Amino acid sequence: MDKNRIQAVYDETSHRIVGRLMKDVDLFGGIKEVCAHFNVEAANFQCLGSLKYATYVQIERGDTEGAVKYSDKKVSQSAVELLSGTGFVGFDEAGELDIHFHGMLIDCDQQIDGGHFLAGENPVAVTIEFILFPLKGVHLQRGIDPHWSLPAFQFTEKE
């Protein structure tokens, strides 16, 4: 973990990791770096701060009654303050660290928005401060949800 880009400290008392991502670090990439450094394979996390721009999708009504789908990719037109963000860290279908994250933001025109953020497309503007809650006895791995046919984290006990 590059200490010039990421600050992170493991608190022995609470078994939590706190820190910050600095300018230009990708939100998901930075959290994954922290997890790799501290050997975290499953976690919940929260964060706030600023992004140069945010990239996300939102839930929309589907084509049939009761169906839902995701919107086309949305990219903010300015820097944003991430007012609240929360997510989970686990593994994708290929066994690589993966993140599921939702956030609420406000842009430079004071417009509030948010949704399901996309990997690799949310660079830090000034700082992102975070807290990671490692889940030692839990295994999170994406699998296809039987109802929606979309990849979703499956929560099981770690063997």
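Let me sum up the structure you'll find in this document.

Rules used throughout
- The residue count restarts for each chain, going from 1 along the sequence in the order it is written.
- Totals for whole chains, interfaces and linings use all residues, but because this is a predicted model, local features are given only for residues with pLDDT of at least 70 and pairs of side-chain atoms are given and counted only at 80 or more.
- To get the side-chain values, take all heavy atoms of the structure and skip hydrogens and water.
- Helical segments are the DSSP runs of H or I of at least four residues, strand segments are the runs of E of at least two, and each set is numbered from the N terminus.
- We call a residue buried when its accessible area falls under 20% of the maximum for its residue type, exposed when it is over 50%, and partly exposed in between, using a 1.4 Å probe and counting protein chains only.
- DSSP calls a pair of strands paired once it identifies at least 2 bridges connecting them.
- Polar contacts, as counted here, are pairs of nitrogen or oxygen atoms within 3.5 Å of one another; within protein the pair requires one atom able to donate a hydrogen and one able to accept it, and residues that are adjacent in sequence qualify only if both atoms are side-chain atoms.
- The contact criterion used is simple: two residues touch if any of their non-hydrogen atoms lie within 4.5 Å.

Okay, unusual backbone geometry next. Within the chain, His15 stands out as a residue other than glycine whose phi angle is a positive 60°. Along the chain, His15 turns up in the loop between strand E1 (6-11) and strand E2 (16-22). Residue His15 is classed as partly exposed on the basis of its relative accessible area, which comes to 44%. Positioned with a positive phi, Asn39 is a non-glycine residue whose angle comes to about 55°. Here Asn39 shows up in the loop between helix H1 (27-37) and strand E3 (43-51).

Our next topic: the pairing of strand E8 (residues 80-91). Strand direction decides the pairing type here: E3 and E8, joined by eight bridges, are antiparallel. Along E8, the bridge assignment pairs Gly49 with Leu82. In terms of strand pairing, E8 meets strand E9 (residues 97-107) through eleven bridges, oriented antiparallel. The residue bridging Gly87 from the neighbouring strand is Phe101, located in E9. Once E8 ends, the chain turns through five residues before running back antiparallel as E9, passing Gly95 with a positive phi of about 85°.

Moving on, we come to the side chain of His116. Relative to the assigned elements, His116 resides in strand E10 (residues 112-117). Judged by relative accessible area, His116 falls into the buried class, the value being 15%. At a separation of 3.3 Å, a polar atom in the side chain of His116 contacts the side chain of His102. When neighbours within four sequence positions are excluded, His116 is seen to be in contact with Tyr56, Val57, Tyr70, His100, Phe101 and His102.

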